[in-house]
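If you want the building blocks of each chain, they are given just below.
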Amino acid sequence: MEILKFTEEHKQYRERLRAFFAKEVLPHVDQWEKEHAIPKSIWNKIGKAGFLCAGVPKEYGGWGGDFLHSIIASEEIVKTNHYGLIIFLHSEVCAPYISAFASEELKKKYLPGCVSGDIVLGVAMTEPNAGSDLAALATTAVEDGDQIVLNGAKIFTSNGINGDLFIVAAKDPEIENPYQAVSLYLVEPTTPGFQIGQKLEKMGFHSQDTVELFFSDCRIPKNNIIGEKGKGFYYLMNKLQQERLVCALAGMSQAEFILDETLKHYKKIKSNGSLPKIRQSKQHTIVDMATEVKVTKTFLYTLIKDHIDGKDIVTETSMGKFWASEMVRRVADASFEIFGLEGALEKNRIERAWRDCRGISIFAGTNQIMREIIAKRMDL
Ligand SMILES: Cc1cc2nc3c(=O)[nH]c(=O)nc-3n(C[C@H](O)[C@H](O)[C@H](O)COP(=O)(O)OP(=O)(O)OC[C@H]3O[C@@H](n4cnc5c(N)ncnc54)[C@H](O)[C@@H]3O)c2cc1C
């Protein structure tokens, strides 16, 4: 069943990307995970190799990619079994805000560097008291002549250490309605008053540089606003669908990776004679895992097709996001049972995947929020 029409060129792109990862990423992943960091130079290498920001138009340095290239890149990076070089955050979550809504001046200034990997992007929405409830944002943006003065704190900002440019959500304290008060700004970390706080050590995603950010009278040019003042919520809601779709795809790809690893293990113990005599339960578990992955992939690929066709898929994207991020947990658990204690060893690739997949239900809108959205749209 072919739902997405990958051309020969897309297929070659996938092969080139796999070859790039095999040479430049896979040999280093264990080290990056141990160091809880990736070298900044890898962003530049992957950009120069032409694998970032498929959606950026050619006039702003893009290489003429489409959303299927984005899908391929998102799937393949997850299969390297780490979330340090989180290219889908850079290419599919952050860059689209600039491509779609920023001024010509900002697009020309920043997008070519995003494509080449010279500029690494991050998005700073979440705050200590504003996660799911973005209306509670407390970071302020106050106009002062031709500048904007930012004050406040952010938390859980990914790419926080390697980032060269952050999309920061902040509100005008004079406007009461939070849905009209929030705007998005582009902020370079070298700006006085911008401080990178501590790196947050997490249960999973060890190689990802997730940090706190602080703004203390941080002055940026007024022109660094993305789009129009007060439209921050509109822009966030507009782009969150794509973010959720890509996160769902990450969950599915990770489940596919876990299934592959489990199959390799099963074949190994089958061929070396160490498979237990009662093998039916293992077979059934693998059949269940394969079915979960296949059904989810079929649903998500249909959603991606609808997204490309511009259909309203808010309900289905929320379903896909909560489903895929819970499905991968079931698959990871099942795999763990098949491996037995061997699955708990850090040298086993399943161990990292089991930890990493847990966070997918939290970011890009928690699964409870996904269910809230669906309930509202079902008019329950
Ligand atoms: C690995 C990782 C990377 C991240 N990267 C970034 C990043 O780059 N930039 C960024 O801005 N943020 C980032 N985040 C933050 C992420 O977006 C937030 O964690 C998420 O929005 C949830 O917010 P919270 O953690 O404050 O939880 P809360 O919003 O406090 O939620 C806690 C619990 O309450 C539930 N809940 C809250 N509100 C409701 C409601 N109305 N109805 C029902 N249940 C509700 C939630 O579902 C959850 O179970 C990242 C998070 C993780 C884990």
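All values reported here derive from a predicted model rather than from experimental measurement. (Residues numbered from 1 in each chain as written. Predicted model: local features only at pLDDT ≥ 70, side-chain atom pairs only at ≥ 80, totals over all residues. Heavy atoms only, no water.)

Let's talk about the site of the ligand
For clarity, the cut-off: Summary of the distance rule: residues count as near a molecule or strand when at least one heavy atom falls within 4 Å of that molecule or strand. Any N or O atom pair separated by 3.5 Å or less is treated as a polar contact, with the protein-specific requirement of one donor-capable and one acceptor-capable atom, and with residues adjacent in sequence counted only for side-chain atom pairs. A cavity here means a set of points on a 1 Å grid, drawn over the protein atoms and nothing else, where a 1.4 Å probe fits but cannot get out; a pocket is an open set with protein on both sides within 12 Å along at least five of seven lines, and a residue lines either one if it has an atom within 4 Å of a point. Just a note on the criterion: a molecule sits in a pocket or cavity if more than half of its atoms are within 2 Å of the grid points. The helix count covers DSSP runs of H or I at least four residues long, the strand count covers runs of E at least two residues long, and both are numbered beginning at the N terminus. We call Asp, Glu, Lys and Arg charged. Ala, Val, Leu, Ile, Met, Phe, Trp, Tyr, Cys and Pro are nonpolar, and the rest, Gly among them, are polar.
Not every one of the 17 residues close to the ligand is listed here, only the nearest: Thr126, Ser132, Phe156, Thr366 and Gln368. A distance of 2.8 Å separates an oxygen atom of the ligand from a polar backbone atom of Met125. Interatomic distance of 2.6 Å between a side-chain N/O atom of Ser132 and an oxygen atom of the ligand. Here the ligand occupies the largest pocket. At the level of elements, strand 1 (121–124), strand 3 (147–157) and helix 12 (367–377) are the ones that each hand at least two residues to the shell around the ligand. Examining the composition of the shell around the ligand, we find that 3 residues originate from one element, helix 12, more than from any other. Of the residues assigned to the shell around the ligand, the class counts are 8 nonpolar, 8 polar and 1 charged.

Brief notes about the packing of helix 5 (residues 87–101) against helix 6 (residues 104–116)
Using the following cut-off: Note on geometry: axes are lines fitted to C-alpha atoms, helical ones only across the stretch in contact, with angles between N-to-C directions running from 0 to 180 degrees. Here the word oblique covers every angle except those under 35 degrees (roughly parallel), over 145 (roughly antiparallel) and from 65 to 115 (roughly perpendicular). If you view the pair so one helix is near and one far, a crossing is left-handed when the near helix is turned anticlockwise from the far one by less than a right angle, and right-handed when it is turned clockwise. It only takes one pair of heavy atoms within 4.5 Å for two residues to be counted as in contact.
Interhelical geometry of helix 5 versus helix 6 gives an angle of 165 degrees and a closest axis separation of 10 Å. Here helix 5 lies roughly antiparallel to helix 6, going by the angle between them. Viewed along their axes, helix 5 and helix 6 form a crossing whose handedness is left-handed. Here His90, Ala95, Ile98 and Ser99 of helix 5 lie close against helix 6, whose contacting residues are Lys107, Leu111 and Cys114. A per-class count over the contact of helix 5 with helix 6 returns 4 nonpolar, 2 polar and 1 charged.

Remarks on empty space enclosed by the protein
What counts is decided by this rule: Grid points are joined across faces, edges and corners, and a volume is the space filled by probe spheres set on the points.
All chains considered together, the criterion is met by 1 cavity of 30 Å³ or more. As a volume, the largest cavity reaches approximately 50 Å³. The wall of the largest cavity is formed by 13 residues, among which Phe51, Cys53, Ala73, Ser91 and Glu92 lie closest to the centre. Sorting the residues of the lining of the largest cavity by element identifies helix 4 (67–78) and helix 5 as the ones contributing at least two each. Along the lines of polarity and charge, the residues of the lining of the largest cavity split into 8 nonpolar, 4 polar and 1 charged.

Some remarks on the environment of Lys267
Worth spelling out the cut-off: Here's how the labels work: a residue is buried when its accessible area is under 20% of the maximum for its type, exposed when over 50%, partly exposed in between, all with a 1.4 Å probe on protein chains only.
As for its position among the elements, Lys267 is in helix 8 (residues 232–271). You can call Lys267 exposed: its relative accessible area is 56%. Residues Lys267 and Leu85, spaced 182 residues apart in sequence, show a C-alpha to C-alpha distance of 31 Å.

A word on the pattern of salt bridges
Counted only if it meets this: Just to be clear on terms, a salt bridge is a Lys or Arg side-chain nitrogen sitting within 4 Å of an Asp or Glu carboxyl oxygen.
Inspection of every chain in the model, using the stated rule, returns 28 salt bridges. Among the ionic pairs, Glu15 bridges to Arg18, the shortest N-O distance being 3.6 Å. You can see Glu15 and its partner Arg18 sitting in helix 1 (residues 8–24), 3 residues apart, about one turn around the helix. With relative accessibility at 46%, the residue Glu15 sits in the partly exposed group. Accessibility expressed as a relative area gives 38% for Arg18, which makes it partly exposed. Notably, a salt bridge pairs Glu127 with Lys154, separated by 2.9 Å at the nearest N-O pair. With Glu127 in the loop between strand 1 and strand 2 (140–144) and Lys154 in strand 3, the pair connects residues that are 27 residues apart, well separated along the chain. Accessibility assignment for this pair places Glu127 and Lys154 in one class, buried. The structure contains a network of salt bridges with shared partners spanning Arg14, Glu15, Arg18, Glu75 and Glu76.

Let's talk about the domain arrangement of the protein
Counted only if it meets this: An automatic or database domain assignment supplies the residue ranges for each domain. Accessible surface is computed with a 1.4 Å probe, and the buried area is the amount of it that two parts give up when combined, taken over both parts together.
Each assigned domain of the protein is listed here: domain 1 (8–119), domain 2 (123–230) and domain 3 (233–377). The C-alpha-based centres of domain 1 and domain 3 are spaced at 22 Å. Residue-level contacts link 22 residues of domain 1 with 23 residues of domain 3. With both sides pooled, the region where domain 1 packs onto domain 3 buries about 2200 Å², and carbon together with sulfur makes up 64% of that total. Taken together, the links from domain 1 to domain 3 amount to 3 salt bridges. Taking the shortest distance from any N to any O, the salt bridge between Arg352 and Glu33 comes out at 3.4 Å. At the boundary of domain 1 and domain 3, one finds 8 residue pairs in polar contact (both at pLDDT 80 or more).

A closer look at the environment of Cys94
Among the structural elements, Cys94 can be located in helix 5. On the basis of relative accessibility, which here comes to 0%, the residue Cys94 falls in the buried class. Sequence separation of Cys94 and Leu121 is 27 residues, and the distance between their C-alpha atoms is 6.3 Å.

Topic: the environment of Glu292
Its location among the elements puts Glu292 in helix 9 (residues 280–308). Those residues in contact with Glu292, other than ones at most four positions away along the chain, are Trp323, Met327, Arg330 and Val331. Separated by 2.7 Å, the side chains of Glu292 and Arg330 make a polar contact.

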